[in-house]
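# Structural overview for review
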Amino acid sequence: MTLLLPFTIIGQHADSIEQDSIAKIDTLYGKQVYNIVEDMPEFPGGESELRKYLASNISFDTSKENINSRVYVTFIIDTNGTVVNASIVQQKNPDKLTALEESLLDIVKSMPDWIPGEHFGEKVSVRYTIPLNIHLQ
C-alpha cells in the first residue's frame with residue numbers, strides 16, 4: 001500500500017476545486033471561516049510532519065481493489081486548533097463513502113490540534129482542503 005506524496009495543501013487556493021462541491025460553510029460558532037489569513041494554521045511540526053502523519057495512519061482492506069485516485073479532504077481548523085467539519089469533496093459515490101474515503105476522513109478527524117490561524121492578531125477559523133493522490137495495489 002502506498003500513499004503518494006507530496007500533496008499540496010490548498011487552504012490558500014481552493015480555485016482548483018469546483019466551488020459548488022465545497023460545503024457552503026462560511027461561519028463556525030457564529031464567526032467567519034477564512035480561506036486566507038495572515039498566519040495560516042500549522043500542523044504540529046509543519047507540512048512534512050503532516051505528510052508523515054497521513055502516510056503512517058492510512059489503513060483499510062485493499063485486498064479486493066487496486067486504487068488510483070485523487071481524493072480531496074476539506075476541513076476547518078478552529079480558533080483552538082481543532083479539526084472540525086471534515087468532509088470529502090466530490091465523493092466517488094454520492095450516496096456512500098468508499099473504504100478509502102472513510103479511512104482518510106477518520107485520519108483527518110483524529111489529527112492532533114494544529115497551531116490556529118491568526119488574522120490581524122486574532123485567532124480565526126480557517127478552511128483547509130488537501131488533495132491526496134492515492135496509488136494502492
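What this report covers is the structure whose coordinates are included nearby.

In this section: the nonpolar core. By size, the foremost hydrophobic cluster in this structure holds 26 residues, and its most contacted members are Val 73, Phe 75, Leu 104, Met 111 and Trp 114. Listing elements by their share of this core, those giving two or more residues are helix H1 (47–57), strand E4 (67–77), strand E5 (83–89), helix H2 (99–109) and strand E7 (122–136).

Counted under the stated rule, the structure contains 5 aromatic pairs. Between Phe 43 and Trp 114, the aromatic rings sit 5.7 Å apart at their centres with planes inclined by 85°, giving edge-to-face as the arrangement. A residue pair is termed long-range when its members are at least 10 positions apart, and Phe 43 in the loop between strand E3 (31–34) and H1 and Trp 114 in the loop between H2 and strand E6 (117–119) qualify at 71 residues. Of the two residues, Phe 43 and Trp 114, neither departs from the other in class, the shared state being buried. Both rings, one in Phe 75 and one in Tyr 128, keep their centres 6.1 Å apart while their planes meet at 15°; by these two values the pair is stacked. Separated by 53 residues along the polypeptide, Phe 75 in strand E4 and Tyr 128 in strand E7 bring together distant segments of the chain. As far as the burial class goes, Phe 75 and Tyr 128 line up, both buried. Cluster of aromatic residues (ring-pair linked, three or more members): Phe 43, Tyr 53, Phe 75, Trp 114 and Tyr 128.

Once that is clear, we can look at the side chain of Arg 127. Inspection of the secondary structure puts Arg 127 in strand E7. Taking the relative accessible area as the measure of exposure, Arg 127 reaches 5% and is therefore buried. One polar contact links Arg 127 to Thr 74, side chain to side chain, over a distance of 2.9 Å.

Conventions adopted
- Residues numbered from 1 in each chain as written.
- Predicted model: local features only at pLDDT ≥ 70, side-chain atom pairs only at ≥ 80, totals over all residues.
- Heavy atoms only, no water.
- Core = buried A, V, L, I, M, F, W, Y, C linked by side-chain atoms within 4.5 Å.
- Buried < 20%, exposed > 50% of the residue type's maximum accessible area, 1.4 Å probe, protein only.
- Helix = DSSP H or I, 4+ residues; strand = E, 2+ residues; numbered from the N terminus.
- Phe/Tyr/Trp six-rings, centres within 6.5 Å; stacked < 30°, edge-to-face > 60°.
- Polar contact = N/O pair within 3.5 Å; in protein donor to acceptor, adjacent residues only side chain to side chain.

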